[in-house]
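# Geometric and topological summary
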Amino acid sequence: MAYAIAVFSSLNLVNRVKSRLNQGDDYFAMIRAPQRVAVGGCSFALRFEDGKLPLVQRTAQELGIAVNGIYREEDQADGSRIYIPVK
Amino acid sequence: MIYLDNAATSWPKPDAVCNAMAACIKNYGANPGRSGHRMAIQAGEKVYECRENLARLFGIGDPLRIAFTANATEAINLAVKGLLAAGDHVIITSMEHNAVVRPLKKLERQGVELSVVKADSSGRVGLAGIENNVRSNTRLLLVTHASNITGTVNDVQSIGRLAQEHKIIFMVDAAQTAGKCPIDVGLMNIDLLAFPGHKGLLGPQGTGGLYIGEGLELDTLKEGGTGSVSESLEQPDFLPDRYESGTLNTPGIAGLNEGVKYILKIGVDNIRGHEKQLERQMRQGLESIPAVRVYGSNAPELGVLSITIDGKDCNEVCNELDEKYGIASRGGLHCAGLAHQTIGTRSTGTIRFSIGPFNTPGDIDQALAAVKTIAGS
């Protein structure tokens, strides 16, 4: 299963979006954003199946919360993980 | 102990409050909004849950517009010092607590203009008195929702409408009413709402908050780490991070969350109804004692009663109530000298009984019996 992350400026902002999203049937997890995609140095992110991306974007927009970046996770053969920006 | 000092801080707390605080410290007492491990995430989720429940209680659309503070006093300081500048005019009432008066007296020395609208002898403020004080530079109208001395509840909905008509920012000090009176920031046109966590909301001491209405920008009272935009040397510009520097009181907020949930479950109207019933019982009993004078409104409002007893020192009476009868009350000026001046008790102080949701008619009977004996009836 492919996953994506949406990066936000703070835990508080992620919690607001996550709380709204988790009112539905799906579960959206929160993680500390990987440093290489963490805008501003400290960020938290929502992690979700990448098919849920439009829902995440729409929900953040409805709440007036800026998404700092969206990335698709891609695991590499050597065990590392890269983050591919989603436009 | 018969605890009748709920206006200072409520006691006892619901068991769920104590249990939630213990669970937080034992199981997930990490720093919310900093690290990414499961304990820190859980702590952050608990803090947000409390924000959501407070928003539900106060009719706030966006929970992120609530900034946690250590108490209502800190919330008031953040609001007035973050909002007002030299040349601004602010209107308050003569029933305000020192939490309001003292920061504003300091700001007055820095060029903020201050008007105090005198309340009537019951502690209630009228609309005409407020409107007469409005000036072209009036930026803020700050009103206590209810007096901490008399329990008199102001009609904040009408006052809020007046503020809106004059395009003045409206702030309510809900120190005595949060969790005890219905509050809806939209319905009441409230732009800034300061509240303690440890009184009517039944949370622990060290908790409180400030609701900051849409479109309002306050300067910060403190700056520092927020767990967000750490590359920047400047404070974040978004709420609540902008106003929540330093580690939050997570165990306290976990407890506060349970207090708010308790209130949402029981219902503010039911809690108020219970307290008004006990106040009615106590008021009738006190008014039947010849040497006792009861201050404030003639009707039950908030479960707060102030009295004097002829020839008796208020603090000596409170000491006697404690030592001989196991009754907790509070004597003196209750950090509200201006309000005592308004009701005519500045020189004597009063004995204050403040009822909480866990008091019973039996508690009131015992308190009345003790006062009767002390008053020589």
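Residues numbered from 1 in each chain as written. Chains lettered and ligands numbered in written order. Predicted model: local features only at pLDDT ≥ 70, side-chain atom pairs only at ≥ 80, totals over all residues.

Across the contact, 21 residues belong to chain B and 13 residues belong to chain A. Grouping the amino acids of the side of chain B that touches chain A by side-chain chemistry returns eight nonpolar, nine polar and four charged. (Contact = placed C-beta atoms within 7 Å. Nonpolar A, V, L, I, M, F, W, Y, C, P; charged D, E, K, R; others polar.)

The tendency in soluble globular proteins is for nonpolar side chains to be buried side by side. A:L46, B:A79, B:L192, B:L193 and B:A194 are the most contacted members of the largest nonpolar core, which has 135 residues in total. Here this core gets nine residues from one element, more than from any other, and that element is helix 2 (residues 38-58) of chain B. For B:L192, the contacting residues outside a window of four places in its chain are B:A79, B:I169, B:M171, B:L210, B:Y211, B:I212, B:G213 and B:L216. (Core = buried A, V, L, I, M, F, W, Y, C linked by C-beta atoms within 7 Å. Buried ≥ 20, exposed ≤ 12 C-beta atoms within 10 Å, placed from the backbone. Helix = DSSP H or I, 4+ residues; strand = E, 2+ residues; numbered from the N terminus.)

Residues and elements named next belong to chain A. With four bridges joining them, strand 1 (residues 3-8) and strand 4 (residues 69-75) adopt antiparallel strand pairing. Within the sheet, the bridge partner assigned to A6 lies in strand 4 and is I70. For strand 4 and strand 5 (residues 81-85), the ladder comprises five bridges, and the chain directions are antiparallel. From the neighbouring strand, D75 faces strand 5, where its bridge partner is R81. (Pairing = 2+ DSSP bridges.)

All names here are of chain B. Along its 17 residues, helix 7 (residues 250-266) runs 24 Å from first to last C-alpha, staying within 8% of the 24 Å computed at 1.5 Å per residue. Buried residues dominate helix 7, accounting for 14 of its 17 residues. At the C-terminal side of helix 7, G267 shows a positive phi close to 100°. (Expected span 1.5 Å × (residues − 1).)

Residues and elements named next belong to chain B. The sheet built from four strands is open, its strands ordered 9-10-13-12 with antiparallel pairing. A strand with exactly one partner marks an edge of an open sheet, and here the two such strands are strand 9 (292-295) and strand 12 (330-332). Taking each pair of neighbouring strands and ignoring which way they run, the sheet shows an average axis angle of 30°. Examined bridge by bridge, strand 10 (residues 304-309) and strand 13 (residues 350-354) share four bridges and lie antiparallel to one another. In the strand pairing of strand 13, V304 is matched with S354. Contacting strand 10, strand 12 and strand 13, helix 9 (residues 314-325) crosses the sheet at an angle of about 160° to strand 12. (Axes fitted to C-alpha atoms, helices over the stretch in contact; angles between N-to-C directions.)

Turning to the environment of B:A16, a few remarks are in order. Residue and element names in this part refer to chain B. Locating A16 in the fold gives a position in helix 1 (residues 15-27). Considered as a pair, A16 and E258 are 242 residues apart in the sequence and their alpha carbons are 5.9 Å apart. Those residues in contact with A16, other than ones at most four positions away along the chain, are E258 and Y262.

This part is about the sheet that holds strand 1 of chain A. Residues and elements named next belong to chain A. Pairing within the open sheet is antiparallel, and its five strands lie in the order 2-3-1-4-5. Only two strands of the sheet have a single partner each, and these edge strands are strand 2 (29-32) and strand 5. On average, adjacent strands in this sheet sit at an angle of 35° to one another, irrespective of strand direction.

Our focus in this paragraph is the domain arrangement of chain B. All names here are of chain B. The assigned domain composition of chain B is domain 1 (14-63 + 213-266), domain 2 (72-196) and domain 3 (267-374). Put simply, the middle of domain 1 and the middle of domain 2, counted by C-alpha atoms, are 26 Å apart. Every contact between the two is made by eleven residues of domain 1 and, on the other side, 16 residues of domain 2. Grouping the constituent residues of the side of domain 1 that touches domain 2 by class yields seven nonpolar, three polar and one charged. (Domains from an automatic or database assignment.)

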